[in-house]
Amino acid sequence: MSELPAVLNEDPWAIRLHLARLAIADAKGYVRARENIGEYMVGEVQDNLDGQRLYDGSAMPQSKAAIARKGKTLIDKHHLYDSYVFQLVPGGVAVGSNMVYALIHHAGGQTGRGHKTKIVARPVLGVAAAQEKRIGDILLAEIEAMQ
């Protein structure tokens, strides 16, 4: 798999601490927990796209193209949807997309010829309180399974 762009730069300290403890305690459980977190986060992105919401649960701003075709924003042909993957990296898990336009849709900004097109930020990948709790639950379940 090619290197994923840094779409998600957040790395909550509590999650890193639990991952480090799990790595020291049980290498196999550590891998399993990171895989479970990666699968969960990819599922969250896909659920967010399906539900037309951002990672924090707020409504996704609709694009003019989606409104015109009476469809969903960022999901017309499923290219972006299908591109989100995870990979295990030293000390954690990376989640993102290798699509060249994933970052502009995540962060927003000017794009296109002469940068004349403004894209509104639509971050579908991120760690809010709900995701942090679920990731914590995954880690605690793995720690409990080791005992």
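Counting from 1, residues in each chain are numbered in the order their sequence is written. Local features in this predicted model are restricted to residues whose pLDDT is 70 or higher, and side-chain atom pairs enter the listing and the counts only when it is 80 or higher, whereas totals over whole chains, interfaces and linings include all residues. The basis for the side-chain values is all heavy atoms of the structure; hydrogens and waters are excluded.

Chemist: So what exactly am I meant to see when it comes to the confidence of the model for the protein here?
Modeler: Low pLDDT means the predicted coordinates in that region are not meant to be read closely. Predicted confidence across the protein gives a mean pLDDT of 85, with 81% of residues reaching 70 or more. What pLDDT expresses is the predictor's confidence in each residue, scored from 0 to 100. Under the DSSP-based scheme used, a helix requires at least four consecutive residues in state H or I and a strand at least two consecutive residues in state E, with every element numbered from the N terminus. Across the protein, element-level confidence peaks in helix H4 (residues 79–83) with a mean pLDDT of 96 and bottoms out in helix H1 (residues 13–25) with 68. Every residue pair with non-hydrogen atoms within 4.5 Å of one another is taken to be in contact. Below a pLDDT of 50 lies the segment residues 1–9, which in the model reaches 21 contacts outside its immediate sequence neighbourhood of four places, other chains included.

Chemist: Would you mind showing me how to read the packing of aromatic side chains here?
Modeler: The geometry of an aromatic ring pair comes down to the distance between the two centres and the angle between the two planes. Side-chain rings of Phe, Tyr and Trp (the six-membered ring for Trp) are treated as a pair once their centres are within 6.5 Å; stacked means planes under 30 degrees apart, edge-to-face means over 60, and tilted covers the remaining angles. In the structure shown here, the tally under the stated rule is zero aromatic pairs. When the ring centre of Tyr40 is taken as reference, the NZ or CZ atom of Arg134 above it lies at 5.9 Å. We call a charge positioned above a ring when the Lys NZ or Arg CZ atom is no farther than 6 Å from the ring centre and deviates by at most 35 degrees from the ring normal.

Chemist: Whenever I open this one, the pattern of salt bridges confuses me. Can you help?
Modeler: Oppositely charged side chains can form a pair if their charged atoms are brought close together. What makes a salt bridge here is a side-chain nitrogen of Lys or Arg within 4 Å of a carboxyl oxygen of Asp or Glu, nothing more. Counted under the stated rule, the structure contains three salt bridges. Linking Arg69 and Asp76 is a salt bridge whose minimum nitrogen-to-oxygen distance equals 3.3 Å. Across the pair Asp137 and Lys133 runs a salt bridge whose closest N-O atoms are separated by 3.2 Å. With Asp137 and Lys133 both in helix H6 (residues 129–146), this residue pair falls four residues apart, about one helical turn.

Chemist: Please clarify how the nonpolar core should be interpreted in this entry.
Modeler: In summary, soluble globular proteins display a tendency toward joint burial of nonpolar side chains. Joining through side-chain atoms within 4.5 Å is the link that ties buried Ala, Val, Leu, Ile, Met, Phe, Trp, Tyr and Cys residues into a set, and such a set is a nonpolar core. Using a 1.4 Å probe on the protein chains alone, a residue whose accessible area is under 20% of its type maximum counts as buried, one over 50% counts as exposed, and one in between counts as partly exposed. Judged by nonpolar contacts, the single largest core of 22 residues is most densely connected at Met41, Leu49 and Tyr84. Of all the secondary-structure elements, those providing two or more residues to this core are helix H2 (27–51), H4 and H6. Counting residues per element, this core draws most heavily on H2, at seven residues.

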